[in-house]
Amino acid sequence: MSNILFFLVNVERMSKHQVLVTGGAGYIGSHACLQLLKEGFEVVVIDNLTNSSKISLQRVEELVDRRLVFVEEDIRNEKEVEKIIRFHNIGSVIHFAGLKAVGESVEYPLEYYENNVGGALSLFKAMKNCGIKNLIFSSSATVYGIPEKSPITENSSLSAVNPYGSTKLSIEKIIQDIVNSDNQWRSAILRYFNPVGAHPSGKIGEDPKDIPNNLMPYITQVAMRKLEKLSVYGDDYDTPDGTGVRDYIHVMDLVDGHIAALHYLLNQPPKNNVIVNLGTGIGCSVLELIKTFEKINNIEVPYEIAERRAGDVASCYADASYAYELLNWSAKRDISQMCKDSFEWQTKNPNGFE
Ligand code: NAD
Ligand code: WQD
């Protein structure tokens, strides 16, 4: 087959490929839907809207000028999920749906296990019953627990230091057991570091329901004067300026990593499970992030140094080389871009999607 013919056949195949995106109305899921539609995939979203608004999906459609299918449903409803998979002739599943607040998971462990592990089990059973065995799963750097050192490779030791982390570890294990038991599955477990930023249009972004726990949304709300000042949790860590170091990754880069993983899986023989870090490989401290945010957005972010936060580690950043080697993917956007796009989203949507 000539190269051009091969290309056309592949484009045709991809353009008919239906992707089920669970949790697609949420922060990362909505950005993923946008890029999937842009790439020519057909998209079906299941979301119960516990932590999101369907306005995000309307905005996605406007941005890309294409339609997706949205079904308001809980993934624990196995029979309904099965019907959706069959009706829409789904070819692959990207599984984002889940609860993600670490502190809340300590307070409500049963709800976290039931929603995250129970939800994953129902979804995987529905997939199996329909013979759909291509899966991408949102895992997290939280599975590395308290890392001995950074950069962190995929082979580093794993542990869970809170119920949320336990749910991610459990689901990873379930996926590995499924792939081992049935040689028709293909799966990619993607371990995200610290996703931040927003689509550069400022039309979709992260919309925390309450006071944010994570650093970037807290900074944007302080910059907007919705919150008075930021508490910097500790300046006596063993890091260059004493504040915590993390691997912040732009959400657009993160979702491009999913597209790369999907293309990879679709071109692999079955019985394939890959585990890949999605990070930039670059550590950035809390103070560095504040300074970059202030400079690029020309706005002051008042802060004070506070006590360390329980459970925090000094430093955590990825060894991102395997993602490049395997998926030919690497993050392109820098901290300035992350700060600019986060603030653009916040200023254009001071009350989120409300
Ligand atoms: P999000 O809360 O914005 O999105 C999750 C979506 O899942 C929401 O729209 C929510 O309504 C939906 N959902 C939850 N439970 C559901 C259920 N039972 N049935 C149907 N829908 C359900 O979170 P996000 O930041 O977009 O995270 C997406 C995924 O990535 C999660 O699995 C999260 O654990 C993982 N992750 C997130 C981060 C991060 O910092 N944002 C880091 C690592 C991993
Ligand atoms: C980053 C840095 C804080 C808030 C969490 C989850 C992890 C993953 C990503 C889902 C740290 C400091 C923060 C503040 C601060 N989520 N900070 N003041 O803790 O690295 O990771 O989100 O999988 O599982 O644990 O992210 O944004 O909370 O903190 O000084 O008000 O900012 O101490 O050094 P974290 P974060």
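Provided above is the structure to which this section pertains.
Everything numeric in this text was worked out from a predicted model, so none of it was measured.

(A) Broad picture of the sheet that holds strand β4 (residues 92-95). Strand order across the open sheet formed by 7 strands is β3-β2-β1-β4-β5-β6-β11, with parallel pairing between neighbours. Lying at the two open borders of the sheet, with one neighbouring strand each, are β3 (69-72) and β11 (272-278). Averaged over all adjacent pairs, the angle separating strand axes in this sheet is 15°, with direction ignored. Relative to strand β2 (residues 42-47), strand β1 (residues 18-22) runs parallel, the two sharing 5 bridges. Note that in β2 the partner of L20 across the bridge is V44. Relative to the sheet, helix α6 (residues 109-130) contacts β1, β4 and β5 (134-140), its axis offset from that of β4 by approximately 175°. Along the sheet, helix α9 (residues 251-266) makes contact with β1, β4, β5, β6 (186-192) and β11, crossing β6 at roughly 160°.

(B) Structural detail: a negative patch on the surface. Together, E104, E107, E111 and D210 give the surface a local cluster of negative charge. Inspection of the secondary structure assignment puts E107 in helix α5 (residues 102-107). We classify E107 as exposed; its relative accessible area is 56%.

(C) Up close: the site of ligand 2. As a structural note, the neighbourhood of ligand 2 is formed by 18 residues, with S140, Y164, S231, R246 and D312 the closest of them. At 2.6 Å, a side-chain N or O of Y164 approaches an oxygen atom of ligand 2. A breakdown of the residues in the shell around ligand 2 according to their chemical character gives 8 nonpolar, 7 polar and 3 charged.

(D) Focus on the packing of aromatic side chains. This structure, assessed with the given rule, holds 3 aromatic pairs. Geometrically, the ring pair formed by F293 and F343 is edge-to-face, given 5.2 Å between the ring centres and 70° between the ring planes. Of this pair, F293 sits in helix α10 (residues 286-297) while F343 sits in helix α12 (residues 335-348), and the two are 50 residues apart along the sequence. Summarising the burial analysis for this pair, F293 and F343 share the class buried. Judged by centre distance (5.0 Å) and plane angle (50°), the ring pair of W345 and F353 falls under tilted. Of the residues examined, F353 reaches a relative accessible area of 8% and is grouped as buried.

(E) The site of ligand 1, seen in detail. Within the structure, ligand 1 sits among 27 residues, and I28, D47, N51, S52 and Y164 are positioned closest to it. Protein coverage of the free-state accessible area of ligand 1, which is 820 Å², stands at 96%. Broken down by secondary-structure element, the contributors of at least two residues to the shell around ligand 1 are α2 (27-38), β5 and α7 (163-181). Per element, the largest residue contribution to the shell around ligand 1 is 3 residues, and it comes from β5. When the residues that make up the shell around ligand 1 are grouped by side-chain class, the tally is 10 nonpolar, 11 polar and 6 charged.

(F) Looking closely at the packing of helix α8 (residues 215-223) against α10. At their nearest, the axes of α8 and α10 sit 11 Å apart, and the two run at 40° to each other. Overall, the two elements α8 and α10 adopt an arrangement that is oblique. Two packed elements cross with a definite hand, and for α8 against α10 that hand is right-handed. On the side of α8, the interface is formed by L215, M216, I219, T220 and A223, while α10 contributes V286, L289, I290 and F293. Residues belonging to the contact of α8 with α10 are distributed by class as follows: 8 nonpolar, 1 polar and no charged.

(G) Layout of the sheet that holds strand β14 (residues 315-316). Overall, mixed pairing links the 3 strands, which are arranged β12-β9-β14 in an open sheet. Each having just a single partner strand, β12 (284-285) and β14 make up the two edges of the open sheet. Pairing between strand β9 (residues 245-246) and β12: 2 bridges, direction antiparallel. In the strand pairing of β12, V245 is matched with S285.

(H) Highlighting α7. The end-to-end C-alpha distance of α7, which contains 19 residues, comes to 27 Å, matching closely the 27 Å that a straight helix rising 1.5 Å per residue would cover. Within the sequence span of α7, burial applies to P163, Y164, G165, S166, T167, K168, I171, E172, I174, I175, I178 and V179. Its buried side turned inward, α7 meets α5, α6, β5, β6 and β11.

(I) Molecular detail of the state of the cysteines. The tally for this structure, following the rule as stated, stands at 0 disulfides. C33 takes part in no disulfide bond, and the closest cysteine sulfur to it belongs to C130, at a distance of 20 Å. Overall, C33 belongs to the buried group, its relative accessible area being 0%. Cysteine C339 shares no disulfide, and the gap to the nearest cysteine sulfur, in C284, comes to 7.4 Å. Given a relative accessible area of 0%, C339 falls into the buried group.

(J) Just the pairing of β11, in detail. The buried fraction of β11 amounts to 5 of the 7 residues, a majority that puts the element mostly inside the structure. Two strands pair when backbone bridges link them, and β6 and β11 are joined in this way by 7 bridges, in the parallel orientation. Within the sheet, the bridge partner assigned to L190 lies in β11 and is V276.

About the thresholds
Residues numbered from 1 in each chain as written. Chains lettered and ligands numbered in written order. Predicted model: local features only at pLDDT ≥ 70, side-chain atom pairs only at ≥ 80, totals over all residues. Heavy atoms only, no water. Pairing = 2+ DSSP bridges. Helix = DSSP H or I, 4+ residues; strand = E, 2+ residues; numbered from the N terminus. Axes fitted to C-alpha atoms, helices over the stretch in contact; angles between N-to-C directions. Contact = heavy atoms within 4.5 Å. Patch = residues over 30% accessible without salt bridge, like charges linked within 9 Å, V, L, I, M, F, W, Y side chains within 5 Å. Areas by Shrake-Rupley, 256 points an atom, 1.4 Å probe, with all protein chains shown as cover. Salt bridge = Lys/Arg side-chain N within 4 Å of Asp/Glu carboxyl O. Lys, Arg positive; Asp, Glu negative; His and termini not counted. Charge placed at Lys NZ, Arg CZ, Asp CG, Glu CD. Buried < 20%, exposed > 50% of the residue type's maximum accessible area, 1.4 Å probe, protein only. Near = heavy atom within 4 Å. Polar contact = N/O pair within 3.5 Å; in protein donor to acceptor, adjacent residues only side chain to side chain. Nonpolar A, V, L, I, M, F, W, Y, C, P; charged D, E, K, R; others polar. Phe/Tyr/Trp six-rings, centres within 6.5 Å; stacked < 30°, edge-to-face > 60°. Parallel < 35°, antiparallel > 145°, perpendicular 65-115°, else oblique. Left-handed = near helix turned anticlockwise from the far one by under 90°. Expected span 1.5 Å × (residues − 1). Disulfide = S-S within 2.5 Å.

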